[in-house]
Structures are given as structure tokens and as C-alpha cells.
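A closer look at the structure
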Amino acid sequence: MSGPPGSLTCVPAATALIHARGLVKRFGEFTAVDAIDFDVSRGEAFGFLGPNGAGKSSTMRMIGCVSPPSGGGLTILGLDPVADGPVIRARLGVVPQEDTLDVELTVRENLLVYGRYFGLPRDVIRERAVRLLEFVQLSDRAGDQVEPLSGGMKRRLTIARSLINEPDILLLDEPTTGLDPQARHVVWDRLFRLKQQGVTLVLTTHYMDEAEQLCDRLVVMDRGKIAAGGSPRELIDRYSTPEVLELRFDPAEHETAAEKLAAVPARRREVLADRVLLYVTDGDAALASVRALGVEPLTSLVRRSTLEDVFLRLTGRRLED
Amino acid sequence: MAAGTARHPAATTDGLASGWSLAVRQFRFWLTDYRRTWRGSIYSSLAEPLLYLGALGLGLGRLVNQHGDTRLGGVSYLTFLAPGLLAAAGMQTAVGEATYPVLGSVKWNKTYQAAVASPLSPADVFHGHVLFVTMRLAMNCTLFTAVAAALGAVQSAGAAAAVPVAVLTGLAFATPIEAWAVTRTKDTSFAMIYRFGLIPLFLFSGTFFPVSQLPVWLRPVAYATPLWHGVSLCRALSLGTASLPAALAHAGFLALVATAGLVAGNRSYRRRLYV
């Protein structure tokens, strides 16, 4: 592990939309966020990648000014989250981990009610509601109650709601957790469009594909600390190899096969419960040398390295365990 | 969204909005929510006084009146009962609004969490609901008095003055109960409030008979409850027997309890919503 935040501190505090130094959150004896540093600049998509319990949501709640930090420094839009909470929150959009929609109101009413929280004039809210429902592809459900909507639709409505005040920063806490693959792709597509429009996105996720698709930069969080940071490409280049050879064996032979594989030239070898991973530059060449050893896997797969591999390397654990 | 505060050029005017103007935004949320259910609530606001005043005031009252009216202050039982029930209706409305809707907002729907992600603070969210409860109290107590008048239970114009007192009685229950309800994670304790709080108070705070009919040792208990103060003042105003010092003492006690509930709620809402 090289100097943790590294490239993350290059943004000068004056231009950073979010600036954190030594940020700490404690709940009694438990330290959920343990002195982390990061900066988010305007227009970027910044991610917190880590497993459940890594401290991602606690960090997001501090940025959202609904959880006072226990220590360290945090400024959002140049303001102090404790003293200037209402002013900051007026300029944030928040998509919480759990939906907080009023399920007894209609889709449109949820937006109207929320717009009023920001003190927006009625006609402005109405105009935006039409536009936002179109953006999240819910125009035809505008008059329907929220309760019977699918999980993906509720998520999209929450995203529309978070945009009602045209926020400077959009905070998304696990935006696609619990959605089926198709619904996830629809949400990703919408978030990608927002990113193209220059909206600053800050998101947490434990899906490495979500982080790779959406984030310009991210930090890998584990047990309240930042293990590494950079662009997905940088992280993969720094902490993994171009290719990974995944091998599966008969469970009875798993152990012995894994030991024999030590003879294959690889940058690193990970023995998981169900697979052996070989980190190499050329996966096909590595597979050839596996076979040359007389070891025959049940299945083999050559793939590119992902953030999952980075996480495994940094923490010795898998993301979605 | 125009420029606002001096501290940050792009900040919205929202930074300048404060205090009750933010609470009014939450109040408007409740109004939107109430649009779905107001009809049903009006029916029950009318049915309750009709049932109670009809059965007890007119039915039971006929029996009571046969024993003379000296202990009731020289009025019919119906006239005696109506202001007591009015204050009790304030309490009931308040407890209903301060329990399940609050837990629903913080636990089931999480609309409170949605609200505090906006410029609103936990205190604004609390005050917005208190405003809504005040409106509901005013509606219910006014309807109650209208029904009582239609049944001939109102003797003087003083009955109109009893309406704000019944609202204040309700607030003396609403604010402390809300302050407590927001800390709950389950609704089981609400049933206890109804069973061991609401019903005994309803029965023993002078609603149905003067507290002077209770054993001496039990009377101080009645005096300590907000409902007794509410019942006493509503009745005194309705029957035209109010004295200024007593009225001030009753109203002062109710205002004190309501204010204590506000202070407690500011704190408990913050603790629950700012984790």
C-alpha cells in the first residue's frame, strides 16, 4: 500500500466543493470513520467504494449535514456543515440508501412537496417536476400513488426528487443496491447523463462495476479508513495486473491444485474458497503454463482486472462478502 | 434561485429563511398529506360528539338531572358534560396525531429523514407538525362545539372561548408526547399510553363528574393532570363562572406543559434525526 490518499489531496481547498481532513465519526466506542482525507472538485463523479460497514454511509451523512462530525475538518461549498447546515443542504441533492418517499402521495406530489421544502415558488416546482419526471422516465406515472411502484421506479423518483432544487452536488448512497440488473442499468444511464451535464456526483457503492462505470475518481474504504484512491484505471494499474486468470477446480482437488499453481509465474496468487486467481500480464500464456504443469482446471477464465481485484489486494477480502 | 448570503456568493436566499417560516414548509407537507384523509376525519369529528353527547348527555343525563343540579353548578347534565368532553376531545385528537403519524414519519415512511436532508432542521420538522396538530385541534374543537350547540348543550357565548382552551389542552398533550414518540422504534408503547394514560384521564379528570366526587386522596392526582385544568377552564368559561385568577392559573399550567414539551421535542427530534 503506497501513501494512501496520494493524488486525492492535489485539489486546492479553495476550489474543492467538499474538503475533508482527518474526518472522524464515532458512535460511542465505535469509530465508523477514522480520520479520512478527501477532496471533491466541481463537475467530477467521486465514489466511496467499500463493503458494508466500511464507513461510507456515515461519511455521506456528514457531507449531507445530518450527522455532526466527531472530529477533523469538513467543509462543503466552503461552508461549515454544523453552523451552515441549512444553507449547504439547500444546495445539495440527496438520494439516501433507503427510499424516503411518501408512499401515500402521488409521484408528482412527492416532487411538489419536496420542492416546497426548498422554498421554491409553486410554478417553478411544477415546471421542474414535469421536466424531471420526463428525465427519469416516469411521466406516465405522474398521477399514480408511489406505493405500488417497482423498486427501480422508486429509486428513479428519488433521483428526480433530489434534483428539484438544481443542486450543486448530488449525494447518492448506494444508489442501486437492491435493484435488479435491468433497473440498475436504467439508473446508471440516468446518472451518467447527469454527469455529462456537469452535475457533481458523490456516491457510495459496494458494486465495483458501478464504481468503474460512474466514478472519475474514487477512494477505497475499509473499516473506516481510506485504503487507496485515484481513478479506477490508476487504481487497477497500481494495485493489480492487466489480466487475471480465474481457475475453478473440483472441490476435492482445490487445495492441492492451488499449491501446484505456486510454480506458475504470476505477480500474485489468490486462493479463494471456490476459485484460484492468478494475477498476470498475459492470461492465456499463464493458462498454458498451468496446463504444462499437468493441472487441468474444471473451468478457466481470462479477464481484465477490476476494482474487485484492487479491493482484494488492499484488504485481503472481497467487496460483496 | 437567486444569490443570498454574504458568506458564499452562490448560496440561495434559503440561508436567510429561518424559524417558523421553515416550519411552515413542513406544515404544508402535512396539509398535502391531509388532503387525502380530511373527509373521513371530519365525519369522525362530528360523530364522536354526537355519540357521546347523545348517549351520556341526553340519555344518562336524564337520570342524573332527576337528582337535582346543585352539584353540577345549577345546569343540566348535558350542559355540564359538553365542555368537559370538549377538553377531552382536544386531548384525544392530540394523542392520536402525536403518536402514530410521528413514528410513521421517522420509522416507516422516513419522510422526516427526507425533510432534514433539505434546508429544514429537526426543530423545523417538529414545529411544522405541531402547527398541523394545532390546526387539527382547532378544527375538531370547533366542530365539537358546533355539534354541542346543535344539541342544545351550549348555554352562553362563553362556549366559544372554551375552544382555544381545548386547543391549548391538546397542545399540552401533543408536544410532550411527540417529543417522546419520535424516540420510539416500535408502536407497542402507544397502546399503553391509550390504555393506562388516556382512558383513566378521560374518566377521572372531571369530564363526566366533578372531581369533588372523588375520594379526597385521589383528587390531587386529578389536579396534576393537564386534562383536569383543561376541563375546569372550558367548563368555567362555558357556564360563565370563570374567575380571572383561576383562568390564568389553568391556562398557565397548560402553557407551561406545552412549552416544556416543545423544549423536549427540539432536543429529541435532533437526537433522532441527526445521528
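From a predicted model like this one, the values you see are computed outputs, not experimental measurements.

Broken down by element type, chain B carries 11 helices and 0 strands. When the helices and strands of chain B are listed from N to C terminus, the series reads α-α-α-α-α-α-α-α-α-α-α. A compact globule built from 275 residues would reach a C-alpha radius of gyration of about 19 Å, and chain B, at 21 Å, matches this within 12%. Viewed in the frame of its principal axes, chain B has a C-alpha envelope of about 75 × 35 × 35 Å. Among the 275 residues that make up chain B, the fraction classed as buried is 49%.

Buried accessible area, meaning the area lost when the parts come together, often serves as the stated size of an interface. Per the domain assignment, the segments of chain A are domain 1 (6-231) and domain 2 (241-304). Just the C-alpha atoms count here: the centres of domain 1 of chain A and domain 2 of chain A sit 39 Å apart.

On to the sheet that holds strand S2 (residues 30-41) of chain A, then. Residues and elements named next belong to chain A. The antiparallel open sheet is built from 3 strands, whose spatial order is S2-S1-S4. The two strands at the open ends of the sheet, each matched to only one other strand, are S2 and strand S4 (71-76). Within this sheet the neighbouring strands show an average axis-to-axis angle of 15°, counted without direction. Here strand S1 (residues 16-27) runs beside S2; their pairing, made up of 8 bridges, is antiparallel. Bridge pairing in S2 places Leu23 opposite Ile36. Helix H1 (residues 56-63) rests against S1, S2 and S4 of the sheet, and its axis sits at about 120° to S1.

Turning to the packing of helix H3 (residues 77-98) of chain B against helix H10 (residues 226-239) of chain B, a few remarks are in order. The relative placement of two packed helices comes down to the angle between their axes together with the axis-to-axis distance. All names here are of chain B. Relative orientation of the contacting elements H3 and H10 amounts to 140°, with a least axis distance of 8 Å. Relative to H10, H3 is oriented oblique. Of the two elements, H3 crosses H10, and the hand of that crossing is right-handed. Residue-level contacts link Ala82, Pro83, Gly84, Leu86, Ala87, Ala88, Gly90 and Met91 of H3 to Leu227, Gly230, Val231, Cys234, Arg235 and Ser238 of H10. Here the residues of the contact of H3 with H10 sort into 9 nonpolar, 4 polar and 1 charged.

What counts, and at which threshold
- Residues numbered from 1 in each chain as written.
- Chains lettered and ligands numbered in written order.
- Predicted model: local features only at pLDDT ≥ 70, side-chain atom pairs only at ≥ 80, totals over all residues.
- Helix = DSSP H or I, 4+ residues; strand = E, 2+ residues; numbered from the N terminus.
- Rg over C-alpha atoms; globule rule 2.2 N^0.38 Å.
- Buried ≥ 20, exposed ≤ 12 C-beta atoms within 10 Å, placed from the backbone.
- Domains from an automatic or database assignment.
- Pairing = 2+ DSSP bridges.
- Axes fitted to C-alpha atoms, helices over the stretch in contact; angles between N-to-C directions.
- Contact = placed C-beta atoms within 7 Å.
- Parallel < 35°, antiparallel > 145°, perpendicular 65-115°, else oblique.
- Left-handed = near helix turned anticlockwise from the far one by under 90°.
- Nonpolar A, V, L, I, M, F, W, Y, C, P; charged D, E, K, R; others polar.

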